[in-house]
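So the chains spell out like this:
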Amino acid sequence: IGVVSAQSYEANAYNQEDLELLQAIADLAVVAINNSQHVTELEARQREAERIEEIGRAVAGSLEAKEVLRTVNDAVLELLQADSSSVWLLEGSQANLDSSLGKIRIQEDTSWTFNEGMFQAIVVDRRPVIVEDLSQSRLVPNEIVRESKAGSLLMVPLELEGEVQGALSASKVEKQAFGQPEVEVLLRLANQTSVALVNARLHESIRAMSLTDPLTDLPNRRHLDMHLKREVAAARRGRHVCVVLFDLDDFKQHNDRLGHVVGDQILRNFGRLLLSDTRAMNLAARYGGDEFITDLTDVTREGAHSHAERVESRVASHPDLNIHGLTVSFGIAEFDPIKMFEVEDLVREADRDLYQAKQK
């Protein structure tokens, strides 16, 4: 690692004993340098471990999948001094880029198909892959290499609930930039990512269940209330907002006569019909029992009436609904900022209109 030297103005100033003494000093210097380097490395590893623990707490504390992935990518860029970090989610052998950060990051709509070598390593063997020179590698497609502008790549599998469902990668502009220390750090981050993603997906699933009617898969009343509060706030600022309250006529008699299984199927079929006739910017929801609501944004009362009549006509011609003689009634309400203040006022007016329609 270096040399130790001594100089004198006198000729022949050193003998064998001096040489042995200098060698002993050099040996001590080597030990001291090695100890110093070892201490420095230990301190670096300790800081790294502390930072990974901090990142792990941050990742575990997030219940949003996108937030989890952004936190992980930030950590990869910091701890590996990488130029980009990416999370790829797998569908079979196709890797879809779900999140990417860094100065040479790839666009998040990018996808590529793992070839046999990459699939074998990441999915089958579940081991890290180091590509020291991307320009010479056959593991990554040329178009991905050109887009990323990376010289080297490190990729490790992401295991979710016992299966490899993706990969975490780090890239650097320079070639031969990754070694075993980087592999160990990325593996630890991948483990934390896997646990956090499972938690985030579970949370999203529970949240979706809490806002979705399990029979029709339409938004439930809680979801509807949240949506209508935003719509009413917009209506106060001058936006047109209408709701149509649908009621399946004599549904209880149909349900008693045909049985609950058929009754449930009627509700599901009507929910699908209602959803297919509702624009993407609007909302169709199950209000409760055999009542459904559509919220129509930027639609006047006349437009809402056309929508309701169209639904009524489609029920009459639906093979799985008209076979039971099913008909539907509806009531319409348009938010009036002078007479109405809350969501309940809007729905109450639609219910009043429905009652009058039933009387007729």
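The preceding data block contains the structure.
Reference entry: report on the structure contained in this document. Since we're looking at a predicted model, the values are computed, not measured.

Let us look at the packing of helix H7 (residues 251-258) against helix H8 (residues 260-276). Following both chains from N to C, one finds H7 and H8 inclined at 135°, their axes separated by 6 Å at the closest point. Classified by the angle their axes make, H7 and H8 are oblique. Between H7 and H8, the residues in contact are Phe251, Asn255 and Leu258 and His260, Val262, Gly263, Ile266 and Leu267, respectively.

A word on the pattern of salt bridges. This structure, assessed with the given rule, holds 15 salt bridges. Note that Lys358 and Asp247 form a salt bridge whose closest N and O atoms lie 2.4 Å from each other. With Lys358 in helix H11 (residues 343-359) and Asp247 in strand S7 (residues 241-248), this residue pair connects regions lying 111 residues apart in the sequence. When the shortest N-O distance is used, the salt bridge between Lys358 and Asp249 registers 2.5 Å. Placement of Lys358 in helix H11 and of Asp249 in the loop between S7 and H7 is noted, with a sequence separation of 109 residues between them.

With that settled, consider the sheet that holds strand S10 (residues 328-334). Taken in spatial order, the 4 strands line up as S8-S9-S7-S10 in an open sheet, and their pairing is antiparallel. Bordering the open sheet on either side are strand S8 (283-288) and S10, each of which pairs with just one other strand. Each strand of the sheet is rotated relative to its neighbour by a mean of 25°, with strand direction disregarded. Here S8 runs beside strand S9 (residues 291-297); their pairing, made up of 5 bridges, is antiparallel. Considered in S9, the bridge of Leu283 is made with Asp295. Contacts from helix H9 (residues 301-317) reach S7, S9 and S10 within the one sheet, and its direction differs from that of S10 by about 170°. Contacts from H11 reach S7, S8, S9 and S10, with the element oriented near 140° to S10.

Okay, the side chain of Asp277 next. Mapped onto the elements, Asp277 comes out in the loop between H8 and S8. Looking at Asp277, the relative accessible area reads 13%, which means it is buried. Side-chain polar atoms of Asp277 contact the side chain of His307, separated by 3.1 Å. In this structure, Asp277 is in contact with His307, Arg310, Val311 and Arg314, ignoring residues within four places of it in sequence.

Taking 1.5 Å of rise per residue, 17 residues should cover 24 Å, and H8 covers 24 Å from first to last C-alpha, within 8% of that figure. Residues of H8 that are buried include every one of Gly263, Ile266, Leu267, Asn269, Phe270, Gly271, Leu273 and Leu274, and no others.

What follows deals with the sheet that holds strand S3 (residues 111-113). The antiparallel open sheet is built from 6 strands, whose spatial order is S3-S2-S1-S6-S5-S4. Across the chains shown, the open sheet's two edge strands, defined by having one partner strand only, are S3 and strand S4 (129-131). Geometrically, the sheet is characterised by an average inter-axis angle of 25° between neighbouring strands, direction not taken into account. Bridge count between strand S5 (residues 152-160) and strand S6 (residues 163-172): 9 bridges; the pairing is antiparallel. Across the sheet, Leu153 pairs through a bridge with Ser171, a residue of S6. Lying over the sheet, helix H2 (residues 65-79) contacts strand S1 (84-91), strand S2 (94-102) and S6, oriented at roughly 65° with respect to S2.

Moving on, we get to the nonpolar core. Among the nonpolar cores identified, the biggest contains 29 residues, and Val76, Leu80, Leu168, Leu186 and Leu189 are the most heavily contacted of them. Each residue touching Leu186, except ones within four places of it in the same chain, is listed here: Val76, Leu80, Leu154, Val156, Leu168 and Ala170.

Let's shift gears to H2. The periodicity of an α-helix, 3.6 residues per turn, causes residues three or four places apart in sequence to face the same way. Here H2 is 15 residues long and its end C-alpha atoms lie 21 Å apart, about the 21 Å a rise of 1.5 Å per residue gives. All of the buried residues in H2 are Ala65, Val68, Leu69, Val72, Asn73, Ala75, Val76, Leu77 and Leu79. Backbone geometry just downstream of H2 places Gln81 in the positive-phi region, at approximately 50°.

Structurally, the position occupied by Thr216 is in the loop between helix H5 (180-210) and helix H6 (221-236). When its relative accessible area of 8% is taken as the criterion, Thr216 is described as buried. Here the side chain of Thr216 touches Asp213 through a polar contact of 2.6 Å, side chain to side chain. Not counting residues up to four positions away in its chain, the partners in contact with Thr216 are Leu267, Arg268, Arg286 and Phe292.

Turning our attention to the packing of H6 against H11. Where H6 meets H11, the axes come as close as 9 Å, and the angle between the chain directions of the two elements is 100°. Here H6 is positioned roughly perpendicular relative to H11, judged by the angle of their axes. Packed against H6, whose contacting residues are Leu228, Lys229 and Val232, the element H11 presents Val343, Leu346 and Val347 at the interface. When grouped by side-chain class, the residues that make up the contact of H6 with H11 number 5 nonpolar, no polar and 1 charged.

Rules and cut-offs
- Counting starts from 1 at the beginning of each chain's written sequence and moves along it residue by residue.
- The predicted nature of this model means local features are confined to residues of pLDDT at least 70 and side-chain atom pairs, given and counted, to a pLDDT of 80 or more, with totals for whole chains, interfaces and linings taken over all residues.
- Computation of side-chain values covers all heavy atoms of the structure but excludes hydrogens and water.
- Axis lines are fitted through C-alpha atoms, for helices just across the contact stretch, and the angle between N-to-C directions can take any value from 0 to 180 degrees.
- To qualify as a helix, a DSSP run of H or I must reach at least 4 residues; to qualify as a strand, a run of E must reach at least 2; elements of each kind are numbered from the N terminus.
- Angle categories: roughly parallel below 35 degrees, roughly antiparallel above 145, roughly perpendicular from 65 to 115, and oblique for all the rest.
- When checking whether two residues touch, look at their non-hydrogen atoms; a contact exists if any pair is within 4.5 Å.
- A carboxyl oxygen of Asp or Glu within 4 Å of a side-chain nitrogen of Lys or Arg is what we treat as a salt bridge.
- Pairing between strands requires that DSSP locate at least two bridges from one strand to the other.
- Each residue gets one of three labels from its accessible area relative to the maximum for its type: buried under 20%, exposed over 50%, partly exposed in between, using a 1.4 Å probe on protein chains only.
- What qualifies as a polar contact is a pair of N or O atoms within 3.5 Å, subject to a donor-acceptor requirement within protein and to the restriction that residues adjacent in sequence count only when both atoms come from side chains.
- Here, expected helix span is obtained from the residue count minus one, scaled by 1.5 Å.
- To define a nonpolar core, start from buried Ala, Val, Leu, Ile, Met, Phe, Trp, Tyr and Cys residues and group those joined through side-chain atoms within 4.5 Å.
- In the scheme used here, Gly and all other residues not listed as nonpolar or charged are polar, with Ala, Val, Leu, Ile, Met, Phe, Trp, Tyr, Cys and Pro taken as nonpolar and Asp, Glu, Lys and Arg as charged.

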